[in-house]
Amino acid sequence: QVQLVESGGGLVQPGGSLRLSCIASGFTFSSYRMTWYRQAPGKQRELVATITSAGGITNYADSVKGRFTVSRDTAKNTVYLQMNSLKPEDTAVYYCYALVNTRDLWGQGTQVTVSS
C-alpha cells in the first residue's frame, strides 16, 4: 500500500523541541523529494521544509530557518523534521507529502501544539 505515516507530534512548551517522523511505504522512497507542510487553525497549508531525493539539498520556509532541520534515512524509508526553539506560532498539524508518479501523496498529519 502506498502511504505516508507521520508520528512524533505532541504538546511542548515554548523553546522546546520535537522530532517528527514520516515513514513511507509502497514506493521507492529514495527516488522522491519529500516535503513537510503544516496547517494552523483557520490558515492555509504552508510549506515548511523540503529535501531532495538524494538528501543533498534542503529548503526551508523563512519562518523556520535556523530552527528546523529536515533529513532522511533511506534505509528506514523515513523522513524527519527536527524542530528546535519552538514557538506558539508553530502550532499546527504537520503533514508529510510526496509527489509519486503524478499522484499527490499525503500523510494523515500529526498535531504539534506549542504552549505553556
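These figures come from a predicted structure and were not determined experimentally. Here, residues in each chain are numbered from 1, in the same order as that chain's written sequence. Two thresholds apply to this predicted model, a pLDDT of at least 70 for residue-level local features and 80 or more for giving and counting side-chain atom pairs, whereas whole-chain, interface and lining totals are computed over all residues. Side-chain numbers here rest on the full set of heavy atoms in the structure, without hydrogens or water.

For R67, the location among the structural elements is in the loop between β6 (58–60) and β7 (68–73). Residue exposure (1.4 Å probe, protein chains only): buried if accessible area is under 20% of the type maximum, exposed if over 50%, otherwise partly exposed. Here R67 falls in the buried class, since its relative accessible area comes to 10%. A polar atom in the side chain of R67 sits 2.7 Å from the side chain of D90. Note on contacts: a residue pair qualifies if any of its non-hydrogen atoms lie within 4.5 Å across the two residues. Setting aside residues no more than four positions away along its own chain, R67 makes contact with Q82, M83, N84, S85, L86, K87 and D90. Secondary structure elements are taken from DSSP: a helix is a run of H or I of four residues or more, a strand is a run of E of two residues or more, and numbering for both begins at the N terminus. Here a polar contact means two N or O atoms within 3.5 Å. Within protein one must be a hydrogen donor candidate and the other an acceptor candidate, and residues neighboring in sequence count only if both atoms are side-chain atoms.

Further remarks concern the state of the cysteines. The definition used for a disulfide is geometric: two cysteine sulfur atoms within 2.5 Å. Applying the stated criterion across every chain, the model contains one disulfide. A sulfur-sulfur separation of 2.2 Å characterises the disulfide bridge that pairs C22 with C96. Because the sign of the S-S torsion sets the handedness, a value of about -85° for the bond joining C22 and C96 places this disulfide among the left-handed ones. Here C22, found in strand β3 (residues 18–25), pairs with C96, found in strand β9 (residues 92–100); they are 74 residues apart in sequence, far enough to count as distant. When its relative accessible area of 0% is taken as the criterion, C22 is described as buried. The class for C96 is buried, based on a relative accessible area of 0%.

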